[in-house]
Amino acid sequence: MPATDTLSLSVTESLHRRRSVRAFTGEPVDPAVLEAVFAAAQRAPSGGNLQPWQATLVTGAPWQAVKDAVATRIAMGREGYQPEYDIYPRGLTDPWESRRFGVGEALYASLGIPREDKSARLGQFMQNYRGFGAPVMLFLHCSRLMGPPQWSDMGMWLQSVMLLLVEHGLASCPQECWAMYGATVREALGLGEEQILFTGLAIGHADGDAAVNQWPVPRVGLDEVIDWRGFDQ
(Lines give C-alpha, C1' and ligand atoms only; values in the text may rest on other atoms or scores of the structure.)
Protein backbone atom coordinates (compact mmCIF):
# COMPACT_ATOMS: atom_id res chain seq x y z
CA MET A 1 0.00 0.00 0.00
CA PRO A 2 1.44 3.42 -0.95
CA ALA A 3 2.66 5.53 1.94
CA THR A 4 0.35 8.35 0.89
CA ASP A 5 -2.60 6.10 1.79
CA THR A 6 -1.34 5.32 5.28
CA LEU A 7 0.35 8.40 6.70
CA SER A 8 -2.97 9.57 8.18
CA LEU A 9 -3.56 6.32 10.09
CA SER A 10 -4.51 6.56 13.73
CA VAL A 11 -2.54 4.62 16.32
CA THR A 12 -5.50 2.26 16.67
CA GLU A 13 -5.58 1.60 12.91
CA SER A 14 -1.83 0.99 12.82
CA LEU A 15 -2.14 -1.49 15.69
CA HIS A 16 -4.88 -3.41 13.90
CA ARG A 17 -2.93 -3.49 10.63
CA ARG A 18 0.36 -4.56 12.17
CA ARG A 19 1.10 -8.27 12.03
CA SER A 20 4.16 -10.46 11.81
CA VAL A 21 4.55 -10.75 8.04
CA ARG A 22 6.14 -13.99 6.84
CA ALA A 23 6.30 -13.36 3.12
CA PHE A 24 7.81 -10.22 1.61
CA THR A 25 8.16 -9.01 -1.95
CA GLY A 26 11.62 -8.21 -3.29
CA GLU A 27 10.79 -4.50 -3.61
CA PRO A 28 13.54 -2.33 -2.09
CA VAL A 29 12.86 -0.08 0.88
CA ASP A 30 13.58 3.65 0.63
CA PRO A 31 16.33 4.52 3.15
CA ALA A 32 14.81 7.97 3.61
CA VAL A 33 11.59 6.37 4.87
CA LEU A 34 13.55 4.22 7.32
CA GLU A 35 15.42 7.28 8.59
CA ALA A 36 12.09 9.05 9.19
CA VAL A 37 10.77 6.01 11.06
CA PHE A 38 13.80 5.76 13.33
CA ALA A 39 13.84 9.49 13.99
CA ALA A 40 10.23 9.35 15.17
CA ALA A 41 10.82 6.16 17.18
CA GLN A 42 13.39 7.99 19.27
CA ARG A 43 10.41 9.40 21.18
CA ALA A 44 9.78 5.93 22.65
CA PRO A 45 9.75 5.99 26.47
CA SER A 46 12.93 5.11 28.31
CA GLY A 47 13.51 4.81 32.06
CA GLY A 48 15.99 7.45 33.16
CA ASN A 49 16.30 8.42 29.48
CA LEU A 50 19.00 5.74 29.05
CA GLN A 51 17.77 4.93 25.52
CA PRO A 52 19.57 1.55 25.65
CA TRP A 53 18.51 0.37 22.20
CA GLN A 54 21.14 0.02 19.51
CA ALA A 55 20.32 -1.26 16.06
CA THR A 56 22.32 -2.44 13.08
CA LEU A 57 20.48 -2.29 9.75
CA VAL A 58 21.57 -4.47 6.84
CA THR A 59 20.57 -4.96 3.23
CA GLY A 60 22.28 -6.28 0.11
CA ALA A 61 25.68 -7.96 0.58
CA PRO A 62 25.95 -7.38 4.37
CA TRP A 63 22.51 -8.96 4.86
CA GLN A 64 23.48 -11.92 2.70
CA ALA A 65 26.69 -12.34 4.70
CA VAL A 66 24.66 -12.72 7.92
CA LYS A 67 22.36 -15.28 6.32
CA ASP A 68 25.31 -17.27 4.98
CA ALA A 69 27.11 -17.25 8.34
CA VAL A 70 24.04 -18.42 10.23
CA ALA A 71 23.28 -21.09 7.61
CA THR A 72 26.70 -22.58 8.33
CA ARG A 73 25.88 -22.79 12.04
CA ILE A 74 22.45 -24.28 11.36
CA ALA A 75 24.07 -27.05 9.31
CA MET A 76 25.93 -28.10 12.48
CA GLY A 77 22.68 -29.13 14.15
CA ARG A 78 22.32 -28.63 17.88
CA GLU A 79 26.07 -28.20 18.22
CA GLY A 80 25.69 -24.95 16.29
CA TYR A 81 23.32 -23.34 18.81
CA GLN A 82 24.61 -20.15 20.46
CA PRO A 83 21.58 -18.90 22.43
CA GLU A 84 21.88 -15.41 23.86
CA TYR A 85 19.03 -16.08 26.29
CA ASP A 86 15.98 -18.33 26.75
CA ILE A 87 13.52 -17.09 24.15
CA TYR A 88 10.68 -18.84 26.01
CA PRO A 89 10.66 -19.63 29.74
CA ARG A 90 11.76 -23.13 30.64
CA GLY A 91 8.89 -25.27 31.87
CA LEU A 92 6.28 -23.08 30.18
CA THR A 93 2.78 -24.01 31.38
CA ASP A 94 -0.78 -23.16 30.34
CA PRO A 95 -2.32 -20.88 29.32
CA TRP A 96 0.89 -19.65 27.68
CA GLU A 97 2.04 -22.98 26.25
CA SER A 98 -1.38 -23.53 24.62
CA ARG A 99 -1.24 -20.07 23.06
CA ARG A 100 2.24 -20.74 21.69
CA PHE A 101 1.25 -24.17 20.32
CA GLY A 102 -1.99 -22.87 18.86
CA VAL A 103 -0.45 -20.04 16.87
CA GLY A 104 2.13 -22.40 15.39
CA GLU A 105 -0.53 -24.85 14.29
CA ALA A 106 -2.61 -22.04 12.75
CA LEU A 107 0.42 -20.82 10.80
CA TYR A 108 1.13 -24.24 9.28
CA ALA A 109 -2.58 -24.78 8.60
CA SER A 110 -2.66 -21.56 6.58
CA LEU A 111 0.03 -23.10 4.37
CA GLY A 112 -1.70 -26.46 4.13
CA ILE A 113 1.16 -28.23 5.93
CA PRO A 114 -0.06 -31.10 8.14
CA ARG A 115 1.68 -31.95 11.41
CA GLU A 116 3.08 -35.20 10.03
CA ASP A 117 4.88 -33.44 7.15
CA LYS A 118 8.05 -32.75 9.10
CA SER A 119 10.07 -31.89 6.00
CA ALA A 120 7.66 -29.16 4.88
CA ARG A 121 7.46 -27.77 8.39
CA LEU A 122 11.23 -27.61 8.63
CA GLY A 123 11.37 -25.89 5.25
CA GLN A 124 8.94 -23.22 6.44
CA PHE A 125 10.83 -22.80 9.71
CA MET A 126 14.06 -22.25 7.79
CA GLN A 127 12.43 -19.26 6.10
CA ASN A 128 12.96 -17.51 9.43
CA TYR A 129 16.68 -17.43 8.72
CA ARG A 130 16.13 -15.90 5.31
CA GLY A 131 14.02 -13.13 6.81
CA PHE A 132 11.04 -14.44 4.83
CA GLY A 133 12.46 -12.70 1.78
CA ALA A 134 12.63 -9.24 3.40
CA PRO A 135 15.17 -6.93 1.72
CA VAL A 136 16.11 -5.28 5.03
CA MET A 137 16.92 -6.75 8.43
CA LEU A 138 17.28 -4.75 11.62
CA PHE A 139 19.25 -6.37 14.43
CA LEU A 140 18.43 -4.92 17.84
CA HIS A 141 21.09 -5.20 20.53
CA CYS A 142 22.29 -3.47 23.68
CA SER A 143 25.12 -3.36 26.18
CA ARG A 144 25.35 -6.34 28.50
CA LEU A 145 25.24 -3.83 31.35
CA MET A 146 21.51 -3.47 30.74
CA GLY A 147 18.90 -5.38 32.73
CA PRO A 148 15.17 -6.24 32.45
CA PRO A 149 13.96 -2.61 32.72
CA GLN A 150 16.15 -1.59 29.78
CA TRP A 151 15.03 -4.62 27.78
CA SER A 152 11.51 -3.34 28.36
CA ASP A 153 12.64 -0.04 26.87
CA MET A 154 13.92 -1.89 23.80
CA GLY A 155 10.53 -3.55 23.40
CA MET A 156 8.76 -0.20 23.49
CA TRP A 157 11.18 1.20 20.92
CA LEU A 158 10.64 -1.83 18.70
CA GLN A 159 6.85 -1.53 18.91
CA SER A 160 7.16 2.15 17.99
CA VAL A 161 9.23 1.21 14.94
CA MET A 162 6.74 -1.44 13.83
CA LEU A 163 3.76 0.91 14.08
CA LEU A 164 5.62 3.66 12.24
CA LEU A 165 6.50 1.19 9.48
CA VAL A 166 2.79 0.44 9.09
CA GLU A 167 2.11 4.16 8.86
CA HIS A 168 4.58 4.34 5.97
CA GLY A 169 3.03 1.39 4.13
CA LEU A 170 5.71 -1.09 5.16
CA ALA A 171 5.56 -4.43 6.96
CA SER A 172 7.76 -6.17 9.49
CA CYS A 173 8.31 -9.36 11.45
CA PRO A 174 10.09 -9.39 14.81
CA GLN A 175 12.35 -12.46 14.95
CA GLU A 176 13.95 -13.48 18.22
CA CYS A 177 15.08 -16.67 16.47
CA TRP A 178 18.29 -14.91 15.44
CA ALA A 179 19.31 -14.91 19.11
CA MET A 180 19.70 -18.69 18.81
CA TYR A 181 22.88 -17.94 16.86
CA GLY A 182 23.80 -14.73 18.65
CA ALA A 183 27.59 -15.06 18.56
CA THR A 184 27.59 -15.68 14.81
CA VAL A 185 25.28 -12.74 14.11
CA ARG A 186 27.36 -10.44 16.30
CA GLU A 187 30.56 -11.55 14.57
CA ALA A 188 29.03 -11.00 11.12
CA LEU A 189 27.94 -7.51 12.20
CA GLY A 190 31.25 -6.66 13.82
CA LEU A 191 29.71 -6.28 17.28
CA GLY A 192 31.87 -6.86 20.32
CA GLU A 193 31.27 -9.25 23.21
CA GLU A 194 30.00 -6.33 25.27
CA GLN A 195 26.83 -6.35 23.16
CA ILE A 196 23.98 -8.84 23.47
CA LEU A 197 21.65 -9.55 20.56
CA PHE A 198 17.97 -9.17 21.41
CA THR A 199 16.11 -9.73 18.16
CA GLY A 200 15.92 -9.26 14.43
CA LEU A 201 13.21 -7.30 12.64
CA ALA A 202 12.52 -8.17 9.01
CA ILE A 203 11.40 -5.09 7.07
CA GLY A 204 9.93 -4.74 3.61
CA HIS A 205 6.74 -4.77 1.56
CA ALA A 206 4.26 -7.50 2.43
CA ASP A 207 3.23 -10.05 -0.18
CA GLY A 208 -0.50 -9.49 0.09
CA ASP A 209 -1.32 -12.65 -1.87
CA ALA A 210 0.62 -15.00 0.40
CA ALA A 211 -1.64 -17.22 2.52
CA VAL A 212 0.80 -17.03 5.41
CA ASN A 213 0.02 -13.32 5.69
CA GLN A 214 -3.74 -13.71 5.78
CA TRP A 215 -4.70 -16.09 8.59
CA PRO A 216 -6.27 -14.46 11.67
CA VAL A 217 -3.94 -14.20 14.65
CA PRO A 218 -6.02 -14.61 17.85
CA ARG A 219 -5.74 -12.45 20.94
CA VAL A 220 -7.26 -13.36 24.30
CA GLY A 221 -10.11 -11.33 25.75
CA LEU A 222 -9.66 -8.54 28.25
CA ASP A 223 -11.06 -10.75 31.01
CA GLU A 224 -7.90 -12.86 30.79
CA VAL A 225 -5.43 -10.00 31.11
CA ILE A 226 -7.11 -7.09 32.90
CA ASP A 227 -8.18 -7.10 36.55
CA TRP A 228 -10.48 -4.12 37.14
CA ARG A 229 -10.52 -2.83 40.72
CA GLY A 230 -12.42 0.16 42.08
CA PHE A 231 -14.41 0.62 38.86
CA ASP A 232 -18.19 0.36 38.52
CA GLN A 233 -18.73 -2.48 36.09
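Residues numbered from 1 in each chain as written. Predicted model: local features only at pLDDT ≥ 70, side-chain atom pairs only at ≥ 80, totals over all residues. Heavy atoms only, no water.

> Which parts of the structure should I look at to understand the overall build of the chain?
When you go through the chain residue by residue, the secondary structure sums to seven helices and four strands. When the helices and strands of the chain are placed in sequence order, the string is α-α-β-α-α-α-β-α-β-α-β. Viewed in the frame of its principal axes, the chain has a C-alpha envelope of about 60 × 45 × 40 Å. Every one of the 233 residues in the chain was classed for burial, and the buried ones make up 40%. By sequence separation, contacts in the chain at least 24 residues apart represent 83% of the contacts at least 6 residues apart. If you sum the accessible surface of the chain, you get close to 13200 Å²; carbon and sulfur atoms cover 55% of it. For the chain, the distance from the average position of its 19 positive side-chain charges to the average position of its 26 negative side-chain charges is 5 Å. (Helix = DSSP H or I, 4+ residues; strand = E, 2+ residues; numbered from the N terminus. Buried < 20%, exposed > 50% of the residue type's maximum accessible area, 1.4 Å probe, protein only. Contact = heavy atoms within 4.5 Å. Areas by Shrake-Rupley, 256 points an atom, 1.4 Å probe, with all protein chains shown as cover. Lys, Arg positive; Asp, Glu negative; His and termini not counted. Charge placed at Lys NZ, Arg CZ, Asp CG, Glu CD.)

> Mind showing me how you'd approach the pattern of salt bridges here?
If you walk through the whole model with that rule in mind, you get eight salt bridges. In this structure, Glu-84 engages Arg-186 in a salt bridge whose closest nitrogen and oxygen atoms are separated by 2.9 Å. Taken together, the positions of Glu-84 in the loop between helix H3 (60-74) and helix H4 (96-110) and Arg-186 in helix H7 (residues 182-189) put the pair 102 residues apart, joining distant regions of the chain. A relative accessible area of 14% means that Glu-84 is categorised as buried. Exposure remark for Arg-186: the relative accessible area of 5% places this residue in the buried category. Put simply, Arg-229 and Asp-227 hold a salt bridge, and the shortest N to O gap is 2.7 Å. A relative accessible area of 66% means that Arg-229 is categorised as exposed. Beyond isolated ion pairs, a larger network of salt bridges with shared partners links Glu-84, Arg-144, Arg-186 and Glu-193. (Salt bridge = Lys/Arg side-chain N within 4 Å of Asp/Glu carboxyl O.)

> Just checking my understanding: could you explain the side chain of Lys-67 for this structure?
By secondary structure assignment, the location of Lys-67 is in helix H3. An unpaired buried charge is present at Lys-67: no salt bridge exists, and Asp-68, the closest side chain of opposite charge, is 7.2 Å distant. Not counting the four nearest positions on each side in its chain, Lys-67 is found in contact with Tyr-129, Arg-130 and Trp-178.

> What is the right way to look at the packing of H4 against helix H5 (residues 118-126) in this model?
A pair of packed helices is captured by two measures, namely the crossing angle of their axes and the spacing between those axes. Closest axis-to-axis distance for the H4/H5 pair is 11 Å, and the angle between their directions is 100°. Taken together, the axes of H4 and H5 lie roughly perpendicular to each other. Packed against H4, whose contacting residues are Glu-105, Leu-107 and Tyr-108, the element H5 presents Arg-121, Gln-124 and Phe-125 at the interface. (Axes fitted to C-alpha atoms, helices over the stretch in contact; angles between N-to-C directions. Parallel < 35°, antiparallel > 145°, perpendicular 65-115°, else oblique.)

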